[in-house]
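Coordinate inspection notes
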Amino acid sequence: MSSQNIYILGIESSCDDTAASVIHNGRILSNVVASQKIHEEYGGVVPELASRAHQQNIIPVVHQAIKKAGISKNQLSAVAFTKGPGLMGSLLVGTSFAKSLSYGLKIPLIDVNHMQGHILAHFIDEDGFDKPPFPFLAMTISGGHTQIVRVDDYFDMKVIGETIDDAVGEAYDKSGKILGLGYPAGPEIDKRAQLGNPKEFKFTKPKVDGLNFSFSGLKTAILYFVQRETKANPNFVEEHLNDICASIQYTIIGILIDKLKLATKQTGIKHIAIGGGVSANSGIRKALKDGEQKFGWTTYIPKFEFTTDNAAMIAIVGYLKFLEGDFADQDVSASARLKI
Ligand code: KG4
Ligand code: ZN
């Protein structure tokens, strides 16, 4: 296969990042992301504004990705795009653009599941990063998702646990909002957590059966806690911010690690791969490394630019599907609630 020259253009537009990437065989040649700053003012993603920004960004982003890859668009072997899950208006921009491009260039079209993309990002050829062996457990943690997936082969995956309400990144962002931090709050809570005492304040972990998660109760607990404490001391948050952040982070990591422990016990699989924006978190990274010593896990964390929403992960899935001859028709449509 490696003697073939397969160039895939990947396009991602499921949420608030417009992204395009070119992959040559298994190796990324370019990975361009235009993040939409506009949502920061609103403390969360505004779907209407997201689709408009995608429309403005998509042509320059795709153009840049092809240019940075050092190829011409006529060398592309196929166009891969995110079919779902995500925001409908956002998905439609990438889907229709990819369809027209494949039609115009007379090359195959490949539809990609965004969640499979987060997982299969581990199969991008990248020096210094090992690929997980099958079977492995993938934990996808971001502002939009929280899942544990059993992966037996590239396209043989099963969701064995997921959130029943908020995603873990939302727990970070909504807690941050209560504390008066900017959006997204995950990185700042993480930074402050490293300076605070994780055991200073105690938040109870939700009781959810099996491998599912719940994060909405934590946000409410934090809200009541802050309201109660600021009544007694209006400067409470300011004076204890690092300890509050450390305690929130400690609780969240505890929830994630408890479920991973249960998942490894139930499946007997000890290879754990993570993805999604929250995998940048220093606490989760440390807890996973500790798990290698404590529980005999082997853990896989991809290069940062492949963990947050990006098109390289769409391009790698496109490449793997191309090898299998798994193409989409021109009548394919976006699907906001697409499942793995
Ligand atoms: O994957 P991503 O870029 O976009 C999606 O949500 O799909 O993830 C963004 C999320 C946000 O909720 C952000 O607060 C969180 O990832 N995040 C973090 C950290 N860096 C980003 N959460 C905790 N610790 C971090 N270091
Ligand atoms: Zn994502």
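Scroll up for the structure.
In this report, the structure presented in the accompanying data block is examined. Quick caveat, the model's predicted, so the values are computed rather than measured.

**Concerning the coordination of the zinc ion (ligand 2)**
Every protein donor of the zinc ion (ligand 2) is accounted for by His114 (NE2), His118 (NE2), His145 (NE2) and Asp309 (OD), and the metal-donor separations fall at 2.1 to 2.4 Å. The sequence pattern describing where the donors of the zinc ion (ligand 2) fall on their chain is H-x3-H-x26-H-x163-D. Here the residue His114 occupies a position in helix H3 (residues 114–120), and His145 occupies one in the loop between strand E6 (136–141) and strand E7 (146–153), the gap between them amounting to 31 residues. The same class applies to His114 as to His145, namely buried.

**Some points on helix H6 (residues 216–232)**
Taking 1.5 Å per residue, 17 residues should reach 24 Å; H6 reaches 25 Å between its end C-alpha atoms and fits that length. Considered for burial, the residues of H6 that qualify are Leu218, Ile222, Phe225 and Val226. End-on view of H6: buried residues confined to an arc of 100°, all on one side of the axis. When the buried face of H6 is taken as reference, the exposed residues oriented beyond 90 degrees from it are Tyr224, Arg228 and Lys231. Contact partners of the buried residues in H6: helix H4 (168–178) and helix H7 (236–267).

**Focus on unusual backbone geometry**
Going from Phe134 to Pro135, the amide bond is cis rather than trans, its omega being -10°. With respect to the helices and strands, Pro135 occurs in the loop between H3 and E6. The backbone of Asn25 shows a phi angle near 50°, a positive value even though the residue is not glycine. For Asn25, a relative accessible area of 12% translates into the label buried.

**Some details on the site of ligand 1**
Contacts to ligand 1 come from 18 residues, most closely from Gly143, Asp173, Asp190, Gly277 and Asn281. Contact between ligand 1 and Ser142: an oxygen atom at 3.4 Å from a side-chain N or O atom of the residue. At 2.9 Å, a backbone N or O of Gly277 approaches an oxygen atom of ligand 1. In isolation ligand 1 exposes 550 Å². Once the protein is present, 87% of that is buried. Looking at the shell around ligand 1, the elements that each hand over two or more residues are H4 and helix H5 (186–193).

Calculation notes
Residues numbered from 1 in each chain as written. Chains lettered and ligands numbered in written order. Predicted model: local features only at pLDDT ≥ 70, side-chain atom pairs only at ≥ 80, totals over all residues. Heavy atoms only, no water. Donors = N, O, S within 2.8 Å, 3.2 Å for Na, K, Ca; no water. Helix = DSSP H or I, 4+ residues; strand = E, 2+ residues; numbered from the N terminus. Buried < 20%, exposed > 50% of the residue type's maximum accessible area, 1.4 Å probe, protein only. Expected span 1.5 Å × (residues − 1). Arc of directions from axis to C-beta. Contact = heavy atoms within 4.5 Å. Near = heavy atom within 4 Å. Polar contact = N/O pair within 3.5 Å; in protein donor to acceptor, adjacent residues only side chain to side chain. Areas by Shrake-Rupley, 256 points an atom, 1.4 Å probe, with all protein chains shown as cover.

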